[in-house]
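Structural characterization, general
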Amino acid sequence: HQLVIHQAANPRFQSAFFAQANDENSSNQEDNNRSISASEIITSSSCNNNKGKSEINRRDALRAALATTASSTLLTTLLDPSNANAATNALFSSSGFYNPFAPDYAQSTNGGKYIPAKRCTAYLVDATIPPSLIPYRASREAAILKNLGMGYGTPKAPYIEDGINLNNFMNKAVFGTIDAVNQVLGEKTQGKSGENYQSYIFFGANFDDTFTASSSANEGDGGGGDAQLAVGLLEDISKPKERDGNTAIGLTFCPQSCQELFDQYVNGGGESALLEGLRGKEVDEQLTQAHLPILRFAKKKRFALLALAPEVKDLETVRKGGLQSLDPEKRERYVIDPQGFIALTQDPKFKLYSDKSLFKDFVPSSAAVANDAAASKAEEGNYFAEKILTHEACATCITKWAASRPDSLVVTIAPISDVRFMGGINGRVPRISQFLNKDSLVDDDAVTTILLNPNAKETLSESKFLRLEIGTSPDNWAYQTKVADYLWFSSMPKVNMLPRMMNEQ
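Nothing here was measured: the structure is a model prediction, and the numbers come from that model.

1. A few points about the overall build of the chain
- Along the chain, the regular secondary structure elements total 21 helices and 10 strands.
- Out of the 505 residues in the chain, the part that is buried amounts to 44%.
- The long-range fraction of contacts in the chain, counting pairs at least 24 apart against all pairs at least 6 apart in sequence, stands at 75%.
- When the accessible surface of the chain is split by element, carbon and sulfur atoms take 53% of a total near 26300 Å².

2. Concerning the side chain of S354
- Within the element layout of this structure, S354 appears in helix α18 (residues 348-356).
- Owing to a relative accessible area of 4%, S354 belongs among the buried residues under this scheme.
- In this structure S354 touches F359 and F384, once residues within four positions along its chain are discounted.

3. Section: the sheet that holds strand β10 (residues 486-488)
- Pairing within the open sheet is mixed, and its eight strands lie in the order β2-β1-β10-β7-β3-β6-β4-β5. Of all the strands in the sheet, just β2 (132-136) and β5 (304-309) have a single pairing partner and so form its edges. Ignoring which end each strand starts from, the neighbouring axes of this sheet average 25° apart.
- By the bridge criterion, six bridges tie strand β3 (residues 199-204) to strand β6 (residues 409-414) in an arrangement that is parallel. Residue Y200 lies in a different strand from β6, and its bridge partner there is V410.
- Of the strands in this sheet, β4 (247-255) and β5 are in contact with helix α11 (residues 259-266), which crosses β5 at around 165°.
- This element, helix α20 (residues 373-403), spans β3, β4, β5 and β6 of the sheet and lies at about 150° to β5.

4. Topic: the environment of E386
- Structurally, E386 is set in helix α20.
- Contacts of E386, omitting those with residues within four sequence positions, involve L315, V318 and R319.

5. Side note on the nonpolar core
- Grouped together as the largest cluster of nonpolar side chains are 58 residues, with contacts concentrated most on Y200, F202, L389, V410, V483 and L487.
- The greatest single-element share of this core, amounting to 12 residues, is contributed by α20.
- Formed by 49 residues, the second largest nonpolar core is a distinct cluster that contains I134, Y159, A307 and I450.

6. A word on the pairing of β2
- Of all five residues making up β2, five are buried, and the element is well covered by its neighbours.
- Of the two faces of β2, the one carrying S132, I134 and Y136 and the one carrying L133 and P135 are both buried.

7. Quick word on α18
- Those residues of α18 that fall on the buried side of the exposure criterion are F350, L352, Y353 and S354.
- Its side-chain oxygen 3.0 Å from the backbone nitrogen of K349, D347 forms the N-cap of α18.

8. Let's talk about the packing of α11 against helix α12 (residues 271-280)
- Interaxial distance between α11 and α12 falls to 10 Å at its minimum, and their mutual angle equals 175°. By the angle between their axes, α11 is roughly antiparallel relative to α12. Here L261, F262 and Y265 of α11 lie close against α12, whose contacting residues are E271, L274, G277 and L278.
- Considered class by class, the residues forming the contact of α11 with α12 number five nonpolar, one polar and one charged.

9. Observations concerning the pattern of salt bridges
- This structure, assessed with the given rule, holds 15 salt bridges.
- Linking K156 and D485 is a salt bridge whose minimum nitrogen-to-oxygen distance equals 3.6 Å. Here the residue K156 occupies a position in the loop between α7 (138-149) and α8 (169-175), and D485 occupies one in the loop between β9 (481-482) and β10, the gap between them amounting to 329 residues.
- What makes D485 buried here is its relative accessible area of 0%.
- Salt-bridge contacts for R319 lead to E386; the nearest nitrogen and oxygen are separated by 2.8 Å.

10. Digging into the pairing of β5
- Counting buried residues along β5, five of its six residues qualify, which places the element largely inside the surrounding structure.
- Bridge analysis of β4 against β5 gives five bridges, and the strand direction is parallel. Residue pairing for β5: A248 is matched across the bridge by A304.

11. Regarding the environment of P293
- Following the sequence through the fold, P293 ends up in helix α14 (residues 292-301).
- Judged by its relative accessible area of 7%, P293 falls in the buried class.
- On a C-alpha basis, the gap between P293 and A230 in space is 8.8 Å, while along the polypeptide they are 63 residues apart.

12. Quick look at the packing of helix α10 (residues 225-237) against α14
- One can describe the packing of α10 onto α14 by two numbers: an axis separation of 9 Å at closest approach and a directional angle of 25°. By the angle between their directions, the pair α10 and α14 is classed as roughly parallel. Here A227, Q228, A230, V231, L234 and E235 of α10 come into contact with α14, specifically with P293, I294, F297, K300 and K301.
- Split by residue class, the contact of α10 with α14 holds seven nonpolar, one polar and three charged.

13. Remarks on the side chain of S376
- Secondary-structure assignment places S376 in helix α20.
- Residues in contact with S376, not counting those within four places in the same chain, are F362 and V369.

Reading guide: rules and limits
Residues numbered from 1 in each chain as written. Predicted model: local features only at pLDDT ≥ 70, side-chain atom pairs only at ≥ 80, totals over all residues. Heavy atoms only, no water. Helix = DSSP H or I, 4+ residues; strand = E, 2+ residues; numbered from the N terminus. Buried < 20%, exposed > 50% of the residue type's maximum accessible area, 1.4 Å probe, protein only. Contact = heavy atoms within 4.5 Å. Areas by Shrake-Rupley, 256 points an atom, 1.4 Å probe, with all protein chains shown as cover. Pairing = 2+ DSSP bridges. Axes fitted to C-alpha atoms, helices over the stretch in contact; angles between N-to-C directions. Core = buried A, V, L, I, M, F, W, Y, C linked by side-chain atoms within 4.5 Å. Polar contact = N/O pair within 3.5 Å; in protein donor to acceptor, adjacent residues only side chain to side chain. Parallel < 35°, antiparallel > 145°, perpendicular 65-115°, else oblique. Nonpolar A, V, L, I, M, F, W, Y, C, P; charged D, E, K, R; others polar. Salt bridge = Lys/Arg side-chain N within 4 Å of Asp/Glu carboxyl O.

Dropping the structure here:
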């Protein structure tokens, strides 16, 4: 209350409060800035007829008396605790100013509790230059996933619609309005189909701890945030009737020799027998536990499970001596399109992917190798051979299963590093589809990549923001590639993770 008391006792406050617009006589500045005692008021009244001898006329005396009376009344009111809040509210709240005297609970509409702003958990990575994020409300997520389940895929061209992305305003003015916005809103009504068409979805998941999800098991159910999110997305993807008996789930953590174990499990085999068999194949037990919710979902839906990875011993051979050291028969089994496999390594877009993504995960086997330039370069070359063999083998296995099944869908679970920036397993599928079937309608739009609970490090960002693209310099803009088609989170991500946000849809 000290602020109000000080202002009320201030003579300037009193003068402004009781001033009259048509006052003809102005008091001396010194008299206006000093208080007037009761004796002076009496003296002024008794000498009313002698204005030359008095410094204060009748009007000044009346004004001073009223100011003194009002000041004492106001101070008495403010000093009374029962009236203090009412008085200050009358002086400040009614005029629209913030009231510092109100209690904390009265200044908050939710009882003083902090409620963070709601953010979406699904984001389309729009292929603008640079890419931007289009958030989706929860009410639209099911429609998007249903479209993917119906085989519509995801267009890779940017959406030229200023209502969604203001960066595209000039593009719209030049090229005109297009109908692609319907797909952004989850309302696409027509897609490819037939015996020459298949669609593919890739889930990039590391099954690790992030801000939006935990890797720990939930109530002994196995898996963690990424696995539970994957199952939730699969539930909506599998709802269209097209998915009945025509869907498979690919698993990159298992070698292809595990296929028989998966077939037995889906057809009624026990979980314990599957786990024991995978252990005998030297499959990572931690990864097996992380995938349990997905394995159980596939069995419930009777979806085929595909073991995709090359054999562990074959990868060890390539890691030590390169592709030329691998048995030719095995190499032919993993790589059915050798010419396309070799030509891809010379593609400028793939070179950009290799430099900006694939090699970022290379770590020398020892400090001695790291300090030896020749040894490090040789080991880096073998690492490259191992990764491209893995990607080609997985993509070949996926495509061979789908090619003989019209309108089929394969959902593949892979590490984020194997699908980010569209150059890993996912980037090879259209080429292999064309090799297996010259009339194939499978193109880049038929392949959809979704990263589950990614963090900045997993997208190769050096800041807190997620990295959305590679190819940002003028000499490689033509090959700029976005990190994925969608980013999907188990819970609301931090706002400082999300760069270049567009209007919510």
